[in-house]
Amino acid sequence: MPPLTIISLIFPPTIYLAGHWKLWTARVIALATLGVMWILFISLVRDLISVNPNVTTYTQGIVSFHFDYLSVLITAVVLALSTLITVYSMKDIHDEAGEEKYYALVILLVGSVTSMVCAGDLFNLWMWFEITGIACYLLVAFYSGRGDALAACAKYFIQAATGSIVVLFGIALVFAQTGSLDLAHIHIQSIPLMIVLGVIFIFGFGVKLAIVPLHSWLPDAYSQAPTGISALLSGAVTISSLVVLLRMLAMLSGLALDWGSILVGFGTVNIVAGNLLALAQKDVKRILAYSSVSHIGFILLAVGIGLFSHEIGGFQSGMLHLVNHAVMKALAFIAVGTVIYARFRPNTSLMIDDLAGLSKRDPITTFGVVIACLSLVGIPLLAGFMSKWQIFAAGIATANPVLIFLIVFAALNSVFSLAYYFPIINAMFLPERIPPRRDVPVLMRVPIVLLTAGVIILGIYPDLLNWLVIPAGQRLMILFGG
């Protein structure tokens, strides 16, 4: 097993048990575990670069893990976000019931997502897919004393479990037809079987990826989970299902052109639906949740363009937007989370009007929210603009009239998103309605400052991510025979 997988299995029980003795030990062990994970991750990347430029393989019996640049990208995102969120949560959920469980589940979630995107065989992949889901369900229901949180968890569980059963059926069908579960050696030749499996896997993984119309769990889960978990789900966990889905569709690469068209179609629907649904919301976290549906659409659109055109530009821009979206959305969630912390109880909904007066009381948080919102819209010199621009450029480069039309349509939708971000920005500069109950601690401000800086720096110097997104795009090209 990869070292990261081993760590993720050993330390969560340790954190949980230590937290029952002294809560501070759970916090310290969780941070120390993430530090160890970072060291192991850097070592794995070094091995990948120096030993094998494409894949590092770990095999134990019939179980195999393939650590490639797609795995590097997702692991880097989930490790970075989980580290910042753990620091943020030390104050956000301080002394909440089950705090030790929270840190244990975050570490389990990091390890399970990493193992899922590295899995080299179908059953191993499905097993980690399920463990990821279990960790997510429990974290969404963290505020178990609140009925809405339990309802959101139940809704998420029912829909995700249905998707998992569908995926398991697809895996059984693959095994029945090929006699193998090894992703590297499965290549489906039958066109009807390709179509059936494609539909199964798009539906099964599409639930956790929040492909419209399979997205209805997402706004409830994001809005009811602790703020740090909303950021982690939006930035890393949900989108990791895309990488898994692409690995499955690579088995059906004979129809790469058709899968590209389908992903472009779903991406366009997600962009429109996410924007329209966000426009009708007053709860800030639900606005950000529906915004994630739209941004998932942009990533699907980019990857679909790559599959359709067999050019790296689509894949590369999709991977860049994946990283940028993680940074932007994490910033947005934890910034508004500090307002909830300062003015309300930790598990209280935050309406747009509740932001009134924030600009005078808390300029650091205000600046973070403004930068996050403008970047999500796609304002120039911010991270969101650079990745969206590359997606649009990749689509126009295909010279396909339909794709060019959809790119223009997506660009207009990007501008349209200002309609639901502007009220959030405007509200912060209105006269104060609710005075703060407590000050925002430094530990909660540090992640906001770092993520704000990240959004600005990546908007000015997007090439800083080339070492990550270009090899990930190339890996997708290789998987689909490019």
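Reading guide: rules and limits
Residues numbered from 1 in each chain as written. Predicted model: local features only at pLDDT ≥ 70, side-chain atom pairs only at ≥ 80, totals over all residues. Heavy atoms only, no water. Helix = DSSP H or I, 4+ residues; strand = E, 2+ residues; numbered from the N terminus. Rg over C-alpha atoms; globule rule 2.2 N^0.38 Å. Buried < 20%, exposed > 50% of the residue type's maximum accessible area, 1.4 Å probe, protein only. Contact = heavy atoms within 4.5 Å. Areas by Shrake-Rupley, 256 points an atom, 1.4 Å probe, with all protein chains shown as cover. Lys, Arg positive; Asp, Glu negative; His and termini not counted. Charge placed at Lys NZ, Arg CZ, Asp CG, Glu CD. 1 Å grid on protein atoms, 1.4 Å probe; cavity = no way out; pocket = protein on both sides within 12 Å on 5 of 7 lines; lining within 4 Å. Points joined across faces, edges and corners; volume = space filled by probe spheres on them. Nonpolar A, V, L, I, M, F, W, Y, C, P; charged D, E, K, R; others polar. Expected span 1.5 Å × (residues − 1). Phe/Tyr/Trp six-rings, centres within 6.5 Å; stacked < 30°, edge-to-face > 60°. Lys NZ or Arg CZ within 6 Å of the ring centre and 35° of its normal. Core = buried A, V, L, I, M, F, W, Y, C linked by side-chain atoms within 4.5 Å. Patch = residues over 30% accessible without salt bridge, like charges linked within 9 Å, V, L, I, M, F, W, Y side chains within 5 Å. Salt bridge = Lys/Arg side-chain N within 4 Å of Asp/Glu carboxyl O. Axes fitted to C-alpha atoms, helices over the stretch in contact; angles between N-to-C directions. Parallel < 35°, antiparallel > 145°, perpendicular 65-115°, else oblique. Left-handed = near helix turned anticlockwise from the far one by under 90°.

> Kindly report on the overall build of the chain, identifying the contributing residues and their values.
The helix and strand inventory of the chain stands at 19 helices and two strands. Taken against the 2.2 N^0.38 rule, which gives 23 Å for 482 residues, the C-alpha radius of gyration of the chain at 21 Å falls within 12% of a compact globule. Across its three principal directions, the C-alpha atoms of the chain cover 65 × 55 × 40 Å. For the chain, with 482 residues in total, the buried portion stands at 61%. Restricting to contacts in the chain with at least 6 residues of sequence separation, those with at least 24 account for 79%. Accessible surface, the chain: about 17,200 Å² in total, of which carbon and sulfur atoms supply 71%. Charged side chains in the chain number 23 positive and 21 negative. The centres of these two groups are separated by 8 Å.

> Give a description of empty space enclosed by the protein that names residues and reports values.
All told, the structure shown has two cavities of 30 Å³ or more when counted by the stated rule. The volume enclosed by the second largest cavity comes to roughly 50 Å³. If you go around the second largest cavity, the residues you meet are Thr132, Gly133, Cys136, Tyr156, Lys208, Trp217, Leu233, Val237, Thr238 and Ser241. Among the secondary structure elements, those contributing two or more residues to the lining of the second largest cavity are helix 5 (122-140) and helix 9 (227-250). Counting residues per element, the lining of the second largest cavity draws most heavily on helix 9, at four residues. Its residues assigned to classes, the lining of the second largest cavity shows five nonpolar, four polar and one charged.

> So what about helix 12 (residues 312-343)? Which residues, and what values?
Given a rise of 1.5 Å per residue, 32 residues ought to cover 46 Å, and the 47 Å separating the end C-alpha atoms of helix 12 matches this to within 8%. Within helix 12, 30 of the 32 residues are buried, leaving the element largely enclosed by the surrounding structure.

> Describe the packing of aromatic side chains, and please don't skip the residues or the numbers.
What characterises a pair of aromatic rings is the spacing of the ring centres plus the angle enclosed by the ring planes. The final tally for this structure, using the stated rule, is 16 aromatic pairs. Here the aromatic rings of Tyr222 and Phe333 are separated by 6.1 Å at their centres, their planes lie at 80°, and the arrangement is edge-to-face. Taken together, the residues Tyr222 in helix 8 (residues 217-224) and Phe333 in helix 12 connect sequence positions 111 residues apart. Here Tyr222 and Phe333 have matching classes, each one buried. Lying across the ring of Phe129, Lys208 places its NZ or CZ 4.0 Å from the centre. In this structure, Arg438 packs its charged tip against the face of Tyr341, placed 3.8 Å from the ring centre.

> Now, about the nonpolar core: what can you tell me, with residues and values included?
Residues Leu73, Tyr102, Phe201, Phe205, Val303, Met319 and Leu355 are the most contacted members of the largest nonpolar core, which totals 169 residues. Counting residues per element, this core draws most heavily on helix 12, which supplies 19 residues. In this view, Leu355 contacts Val284, Val339, Arg343, Leu350, Ile424, Ala427 and Met428; residues no more than four positions away in its chain are not counted. Phe298, Phe392, Ala394 and Leu406 belong to the second-largest nonpolar core, a separate cluster that totals 13 residues.

> Let's hear about the layout of surface pockets: which residues, and what values?
Computed from the structure, the largest pocket encloses a volume of approximately 400 Å³. No other element matches the five residues that helix 3 (residues 69-92) contributes to the lining of the largest pocket. Class assignment for the residues of the lining of the largest pocket results in 16 nonpolar, one polar and no charged. Each pocket or cavity is described by its volume, and for the second largest pocket that value is around 290 Å³. Along its surface, the second largest pocket is lined by 14 residues, and Leu183, Ala184, Arg247, Arg475 and Leu479 are the ones closest to its centre. At the level of elements, strand 2 (63-68), helix 9 and helix 19 (466-479) are the ones that each hand at least two residues to the lining of the second largest pocket. Among the residues making up the lining of the second largest pocket, the classes are represented as eight nonpolar, three polar and three charged.

> Lay out helix 1 (residues 3-21) in plain terms, naming residues and giving numbers.
Compared with the 27 Å implied by 1.5 Å per residue over 19 residues, the 27 Å span of helix 1 between its first and last C-alpha is a close match. Summarising the contacts, the buried residues of helix 1 are in contact with helix 2 (23-50), strand 2, helix 3, helix 4 (99-118) and helix 5.

> Lay out a nonpolar patch on the surface in plain terms, naming residues and giving numbers.
Taken together, Leu381, Ile457, Ile460, Tyr461 and Leu464 make up a surface patch of nonpolar side chains, about 520 Å² in accessible area. Inspection of the secondary structure puts Ile460 in helix 18 (residues 442-460).

> Got a sec to walk through the pattern of salt bridges? Specific residues and values, please.
Counting across every chain of the model gives eight salt bridges. Arg286 is the partner of Asp220 in a salt bridge, and the nearest nitrogen-oxygen pair spans 2.9 Å. On the criterion of sequence distance, the pair formed by Asp220 in helix 8 and Arg286 in helix 11 (residues 284-309) is long-range, its members being 66 residues apart. Between Arg361 and Glu432 there is a salt bridge; the shortest N-O distance is 2.9 Å. Taken together, the positions of Arg361 in helix 13 (residues 358-361) and Glu432 in the loop between helix 17 (418-427) and helix 18 put the pair 71 residues apart, joining distant regions of the chain. Classification of Glu432 as partly exposed rests on a relative accessible area of 34%. Bridged by salt links that share partners, the residues Asp68, Arg247 and Arg475 form one connected network.

> Run through the packing of helix 3 against helix 18, naming residues and quoting values.
Relative to each other, helix 3 and helix 18 sit at 150°, their axes nearing to 7 Å. Relative to helix 18, helix 3 is oriented roughly antiparallel. Crossing of helix 3 against helix 18: the hand is left-handed. For the pair helix 3 and helix 18, the contacting residues are Leu84, Val87, Tyr88, Met90, Lys91 and Asp92 in the first and Leu443, Met444, Pro447, Leu450 and Leu451 in the second. Of the residues contributing to the contact of helix 3 with helix 18, the split by class is nine nonpolar, no polar and two charged.

Functional significance is not addressed by these values, which are geometric in nature.
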